[in-house]
Amino acid sequence: MNFKGVLGHEFVGVVESVGDKQHRKWVGQRVVGSINCVCSKCDMCLRGLREHCRQRTVLGIARRDGCFAQLFTLPVVNLVPVPDSIDDDQAVFAEPLAAAYQILRQLRIEGRPYITVLGDGRLGLLCAQVMSQLNATVRLVGKHPEKLALCEKWGVKHRLLSEVGLRADQDIVVDCTGSATGMQTAMSMVRPRGTIVLKTTVAPSPTMPYLDLSPLVVHEIQVIGSRCGPIPEAINALASGRIDVVSLISRRFKLADGVEAMNRAQKDRALIKVLLDP
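Residues numbered from 1 in each chain as written. Predicted model: local features only at pLDDT ≥ 70, side-chain atom pairs only at ≥ 80, totals over all residues. Heavy atoms only, no water.

Enquirer: What's the story with empty space enclosed by the protein in this structure? I'm lost.
Expert: Unoccupied space between atoms shows up once a probe the size of one water molecule is rolled over them. Applying the stated criterion to the full structure yields one cavity of 30 Å³ or more. Roughly 40 Å³ of volume is contained in the largest cavity. Surrounding the largest cavity, His9, Phe11, Val32, Gly33, Ile35, Ala91, Val92, Ala94, Glu95 and Ile231 form its lining. Going through the elements one at a time, strand 2 (30-33) and helix 3 (94-106) are the ones with two or more residues in the lining of the largest cavity. (1 Å grid on protein atoms, 1.4 Å probe; cavity = no way out; pocket = protein on both sides within 12 Å on 5 of 7 lines; lining within 4 Å. Points joined across faces, edges and corners; volume = space filled by probe spheres on them. Helix = DSSP H or I, 4+ residues; strand = E, 2+ residues; numbered from the N terminus.)

Enquirer: Mind showing me how you'd approach the packing of helix 3 against helix 4 (residues 122-131) here?
Expert: Working note: a packed helix pair is described by the angle between its axes plus the distance between those axes. Their axes nearest at 9 Å, the elements helix 3 and helix 4 cross at an angle of 45°. Judged by the angle between their axes, helix 3 and helix 4 are oblique. For the pair helix 3 and helix 4, the crossing hand works out as right-handed. Between helix 3 and helix 4, the contacting residues are Pro96, Leu97, Ala99, Ala100, Tyr101, Ile103 and Leu104 on the first element and Arg122, Leu123, Leu126, Cys127, Val130 and Met131 on the second. Each residue belonging to the contact of helix 3 with helix 4 can be placed in one class, and the counts come to twelve nonpolar, no polar and one charged. (Axes fitted to C-alpha atoms, helices over the stretch in contact; angles between N-to-C directions. Parallel < 35°, antiparallel > 145°, perpendicular 65-115°, else oblique. Left-handed = near helix turned anticlockwise from the far one by under 90°. Contact = heavy atoms within 4.5 Å. Nonpolar A, V, L, I, M, F, W, Y, C, P; charged D, E, K, R; others polar.)

Enquirer: Whenever I open this one, the sheet that holds strand 2 confuses me. Can you help?
Expert: Hydrogen bonding along the main chain pairs the strands of a sheet, whether they run parallel or antiparallel. Here we have three strands laid out as an open sheet, ordered 1-2-5, and antiparallel in their pairing. Because the sheet does not close on itself, it has two edges, and the strands there are strand 1 (13-14) and strand 5 (79-81). In the packing of helix 9 (residues 231-240) onto the sheet, the strands contacted are strand 2 and strand 5, and the crossing angle to strand 5 comes to about 20°. (Pairing = 2+ DSSP bridges.)

Enquirer: What's the story with the sheet that holds strand 7 (residues 137-142) in this structure? I'm lost.
Expert: Ordered by their spatial adjacency, six strands build an open sheet running 8-7-6-9-10-11, and the pairing between neighbours is parallel. Single-partner strands in this sheet number two, and they are strand 8 (157-160) and strand 11 (222-225). Pairwise comparison of adjacent strand axes, ignoring direction, gives a mean angle of 20° for this sheet. Relative to strand 8, strand 7 runs parallel, the two sharing four bridges. Bridge pairing links arginine 139 to lysine 157 in strand 8. Those strands touched by helix 7 (residues 182-189) are strand 6 (114-118), strand 7, strand 9 (170-175), strand 10 (190-198) and strand 11, and its axis lies near 150° from that of strand 10.

In structure tokens form, the structure reads like this:
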């Protein structure tokens, strides 16, 4: 995104002040929120596609400073209150959990499909839990045994990628790898006329491998891009205890040590979620 500014878009915080007195009831409330800040006037907004606003800014990602700071700003309309039954450690997962629930809005489930969630990072582990709520046979496929082991407590099937045959037999594959090679693997797993849900975003680079998309045509595979999702639905899931997020927390750092935290997260692939505390 060629972003320059303060990073960070997954947060839970307390409203310190508001720009309009009519919103003063928000002051002091603990909140999470949508990261997409929109104009409410363009053709996308008027069609109900606010997350695709022509003028949008995105917290910590595009033209808006993010939440790795003592203070940051969001429109009041973006805020979602956090009930007392959800602690901060859970609430901070609202944004990525909402992205996982977005998949349920986009898929049409028929029969009892075979679903593979590809990638055992934070988003893959959340998607595996969410997808397991469907009338489907769900498995998580990844490369890290210590991460896949979390599936044991959730009752989610899991396999190492090295142990899985790429037999083009899955009805739905959700790519959460975060890797340029994830789409190629997904195309090798999904059956003809199956569906790939693409969660991975990879910035182009000179070293990016060439991607042969011909299988999409030859096998008539449907590809669904999937991004942000319903924050209130994520909060409801956390409140009900349906989703385990606390097990994903690997390390904690103070905000002042944020650079060290990011360096550590980049080097140690065993880490899943690193929290920054103010």
